[in-house]
Amino acid sequence: MKIKSLKLREAHKGSANASFCSILWDLNAHHLVTASSSEPSISIHDPLLPSNPPRVLRHHRDGVTALALSPNSTCLSSGSIDHSVKLYKFPGGEFETNITRFTLPIRALAFNKSGSMLAAAGDDEGIKLINTIDGSIARVLKGHRGPVTGLAFDPNGEYLASIDSIGTVIYWELQSGRTLYTLKGVAPDTGSDTSILNVLSWSPDGETLAVPGLKNDIVMYDRDTAEKLFTLRGDHTQPICFMSWSPNGKYMATSSLDKQILIWDVNRKQDIDRQKFDNRICCMAWKPIGNALAVIDVMGKYGVWESVVPSSMKSPTEDIPSSRSKNSNGLLFFDEEDEEDQELSMSGSLSDLGEDSHGESEPPSRKRLRKQSVIDDDQHEDVYNELNLCTKTEYRKKVHRINKESSDKERDGSRSMMTFRPKMQEAFQPGSTPPQPGKRNFLCYNMLGSITTIKHDEYSHIEIDFHDTSTGPRVPPMTDYYGFTMASLNENGSVFANPCKGEKNMSTLMYRPFSSWANNSEWYMRFEGEEVKAVALGGTWVAAVTSLNFLRIYTDGGLQKHILSLNGPVVTAAGFKDELAIVTHISDCLPSNEQMLEFRIFNISKGTQPFKGHLPLTPGSYLTWFGFTEEGQLSSYDSKGVLRVFTSQYGGNWLPLFSASKERKSGENYWVVGLNASKLFCIVCKNPDSFPQVLPKPVLTLLNLSFPLASSDLGEEALENEFMLNNLHLSQIQKRIEVMADEGLDTTPLDDEAFDIEAAQDRCIFRLIASCCNGDKLVRATELVKLLSVEKSVRGAIQLATALKLPILAERFNNILEERLQSKTEVLKTSLPRSKHDRNVKADVAASMALTATERNGDQTACLEDSREVNDAGKNAGPSQVKNLQTQRPSNPFLKLPNNQEEKKVEEVMSESQSQGPSNPFFKSSNKVGEATGIQQSHRPSNPFLKSTAK
């Protein structure tokens, strides 16, 4: 086989000695990230322009030994010999935080599939699982006897695999943190040479774990049983030092101490190509989109090997597998409950592995259990047939008796229906878990922190913890003699309450502020014969709802301020700043077991009730969580897994923004913690658990919000979902602008945020227009053009239609642009004061309209040459590739810029109009006069298809 030659270029100078270097691709292959253990810097390269100097990050004090990039390529993590693990924004490289520290150098980092967890390990004892949301240490896994050099999360989210320098591999179960399998001595012992690190890697489908073998080969192990499946053994003459799967898992690249890289066809178990280098290749990364492999050697030189896989074979990015959950293939060998019992029985044997087994562990595997189940079924088939015969005989004897009794039951049918009533839901506190003997339970768990309690003989022990320990106050533990069962937490303090107890049948409410200028600032309220059912906290108030259907509102100093009567028994309550939301029953449950609930929103500072209405639930479900988003939008989550967010649109309605049935795997439950504008924060619980335990510390999972859209004929559900979410966020921001303007507050930050969302919405609409044009949905494309907010976006749509040879559509787009310019002319007439400059403004608008008329009449010669690339893209590419048209061709032939004299005149007119004061306070942001007259404002991006840097 012919050995090729690849030229490498220097990325890190380092020292004369060999050192371990790292290389990574980002998600879209726009950047290459490199680092060296001999340099404290990280370099971000442009692979298209390798001669350009890279962006360099210098935050470590010693060599960088490990890199990891989150799956969505927005967060970069680095580990160093200086014992620290740091996080950066990507691709900008802005330093975020030191997320954790060790006492010895770090050797390995890995993100999980969602990016919510980072695993870090090295020469220290133990693997840290770090929650990237709040920086907390979720768990520390201990079991290795040597430095941990490799980490890999299972793509299906169940396991973590780790390997150390003495060749031991451990399978960890993420949910429990326990060791599943320990394979001792299966990989080479690398000794004290830190330029050689044992690594391991899961296949993209998560079915196989690849580990360096003892015979200069790669050994594949089964995902669930850790059994040896097969090996890749070829012409490597020394041990393997790195490996990398292709994106589709059909190929693998291996580098060895013999300074060779071999490319393997995994299914055929043979090498198909190779390269020889001057120095040992210590790290490799397949290009996520394309047939290329990035490599870096121990001297800090890197390069990209193009056309790795021969063109006659399947591309390495074709048929990329998606992760699956258990039994996703539709084969159910035994019931899930039985499967869990089998797994529990297995766990007892995992710790009994022999010390000299060298990885050949012999616990009963899941595959063997399934096989044994089938054998047992065959052996007992005759017994089952006999039982079935008996059952049929007994059934015939019962038929007559059942028919005889049925008439009697029909007589009493109406009476039994009157007697049976579905049970109304009991009151609950959001973010709480039921008490368990001898264990801690959550009284409150929200986006800020948690309150936990554990009951002893005569008292309970309460602890308050904040997710972000750097900003939250340090609250000392509390000894509870009242037996509090409910609590609420915000940044100012915490409130507690208990049910009626004692001889006097009294319920107690206690508020405990975190800081106060007074010494004795906490206070108590007692209720005799009245029981607190739910509590809530706001910015300056405390609320309690009682069994007498009283809503009691107190100031944070303990002043009893309001007592209101509610329509029915309370279900739950939540607070956010000035707003209090209450859910109550309005009637008994329906015969279909549907809860009849009502919600109310109170503004405590104003003493008003802005909204009241029926709380929608999925049929047959009940409410499991209720609260506010980080932006202050009221939200609910029911037992069927549907999340709804309340909006003031259409007079106040609930929008379904998430459905767990489309997201979760079999055997999983989502326990909601909170949400923001785009993500749901929850804890994943395995069946039969529906709530998390306090210990080990729960790990937050982030899920994307999405509308339950129907399958579109364009196949662009993701874009349509983004379009609807942008509309929702924009309406929420505009509502907040109106409220702040009424209060006389500065709305500039919200104006900028609204503009950013408008620009993002225009980019989304533009991609939808491109998809409509390619899908021959021209009426829909015309509707979308009318929704574009920026004039340049409309001109870009005209350019696209022209490039795709749709003259009729381009004509309609021109008409829409003319109507928009005409309406702006009318706005200028009514809003701008009469002056000597009016004629200049009108002349500019008339010139712009004349330009569009010229375009409509067919004078498009100037733009045809520039649009050849767009035309080719329209012929050969799909809708997803048309979105890059604007960035590829920034010049817009339809845009006419005013000359300096005209621009100066327009600025004078604008300054005069501003001195007199516009009649509309939102005139600047909503009408965008600057765009109509050709002014480019410096603090806002002029092109919505170019990402703004001023955020």
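None of the values given here were measured: they were computed from a predicted structure.

Draft legend 1. Inspection of the state of the cysteines at higher detail. Inspection of the entire model under this criterion finds zero disulfides. Sulfur of C21: no disulfide; nearest cysteine sulfur belongs to C282 and is 4.7 Å away.

Draft legend 2. Fine view of the pairing of strand β26 (residues 281–286). Of all six residues that make up β26, six are buried, and the element is covered over most of its length. Examined bridge by bridge, β26 and strand β27 (residues 292–297) share five bridges and lie antiparallel to one another. Residue pairing across strands places I281 opposite D297, the latter belonging to β27.

Draft legend 3. Spatial organisation of the sheet that holds strand β47 (residues 642–647). Spatial strand order, β45-β46-β47-β48: four strands in an open sheet with antiparallel pairing. Each of the sheet's edge strands pairs with one partner strand only, and the pair in question is β45 (623–628) and β48 (653–659). Here the strands of the sheet are splayed against their neighbours by 20° on average, with no regard to which way each runs. Note that β45 and strand β46 (residues 634–638) share five bridges and pair antiparallel. Directly across from L623, in β46, lies its bridge partner D638.

Draft legend 4. Just helix α6 (residues 748–774), in detail. Its 27 residues place the ends of α6 39 Å apart at the C-alpha level, agreeing with the 39 Å of an ideal helix rising 1.5 Å per residue. When you tally the buried positions in α6, you get 21 out of 27 residues, the bulk of the element.

Draft legend 5. Summary view of the pattern of salt bridges. For the structure shown, the criterion picks out 24 salt bridges. Two residues, E791 and R795, come together in a salt bridge whose shortest N-O distance is 2.7 Å. Highlighted residues: E791 and R795, both in helix α8 (residues 791–803), separated by four residues, approximately one helical turn. Connected through shared salt-bridge partners, D154, E158, R223 and D224 make up one network.

Draft legend 6. The arrangement of the sheet that holds strand β18 (residues 201–202) in detail. The strand order across the open sheet built from four strands is β18-β19-β20-β21, with neighbouring strands paired in antiparallel fashion. What marks the edges here is a single partner per strand, and that holds for β18 and β21 (228–232). Bridging between β18 and strand β19 (residues 208–212) involves two bridges; their strand directions are antiparallel. Each bridged residue has a counterpart across the sheet, and for S201 the counterpart in β19 is A210.

Draft legend 7. Highlighting unusual backbone geometry. A cis geometry characterises the amide bond from N687 onward to P688, with omega recorded as 5°. Within the element layout of this structure, P688 appears in the loop between β50 (679–686) and β51 (700–704). In this structure, P696 follows L695 across a cis peptide bond, with omega equal to -5°. By the secondary structure assignment, P696 is in the loop between β50 and β51.

Draft legend 8. Layout of the packing of α6 against α8. It is the contact of α6 with α8, at a shortest axis distance of 11 Å, that shows an interaxial angle of 20°. For the element pair α6 / α8, the angle class is roughly parallel. Note on packing geometry: the crossing formed by α6 with α8 is right-handed. On α8, the residues touching D762, F766, I769 and A770 of α6 are S793, G796, A797 and L800. Taken together, the residues of the contact of α6 with α8 break down into five nonpolar, two polar and one charged.

Draft legend 9. Representation of a negative patch on the surface. On the surface, a cluster of negative charge is contributed by D578, E738, D742 and E743. A relative accessible area of 70% places D742 in the exposed class.

Draft legend 10. The arrangement of the side chain of T34 in detail. Along the chain, T34 falls in strand β3 (residues 32–36). Of note is the side chain of T34, whose polar atom sits 2.9 Å from the side chain of H12. A polar atom in the side chain of T34 sits 2.8 Å from the side chain of H45.

Cut-offs applied
- Residues numbered from 1 in each chain as written.
- Predicted model: local features only at pLDDT ≥ 70, side-chain atom pairs only at ≥ 80, totals over all residues.
- Heavy atoms only, no water.
- Disulfide = S-S within 2.5 Å.
- Buried < 20%, exposed > 50% of the residue type's maximum accessible area, 1.4 Å probe, protein only.
- Helix = DSSP H or I, 4+ residues; strand = E, 2+ residues; numbered from the N terminus.
- Pairing = 2+ DSSP bridges.
- Axes fitted to C-alpha atoms, helices over the stretch in contact; angles between N-to-C directions.
- Expected span 1.5 Å × (residues − 1).
- Salt bridge = Lys/Arg side-chain N within 4 Å of Asp/Glu carboxyl O.
- Parallel < 35°, antiparallel > 145°, perpendicular 65-115°, else oblique.
- Left-handed = near helix turned anticlockwise from the far one by under 90°.
- Contact = heavy atoms within 4.5 Å.
- Nonpolar A, V, L, I, M, F, W, Y, C, P; charged D, E, K, R; others polar.
- Patch = residues over 30% accessible without salt bridge, like charges linked within 9 Å, V, L, I, M, F, W, Y side chains within 5 Å.
- Areas by Shrake-Rupley, 256 points an atom, 1.4 Å probe, with all protein chains shown as cover.
- Lys, Arg positive; Asp, Glu negative; His and termini not counted.
- Charge placed at Lys NZ, Arg CZ, Asp CG, Glu CD.
- Polar contact = N/O pair within 3.5 Å; in protein donor to acceptor, adjacent residues only side chain to side chain.

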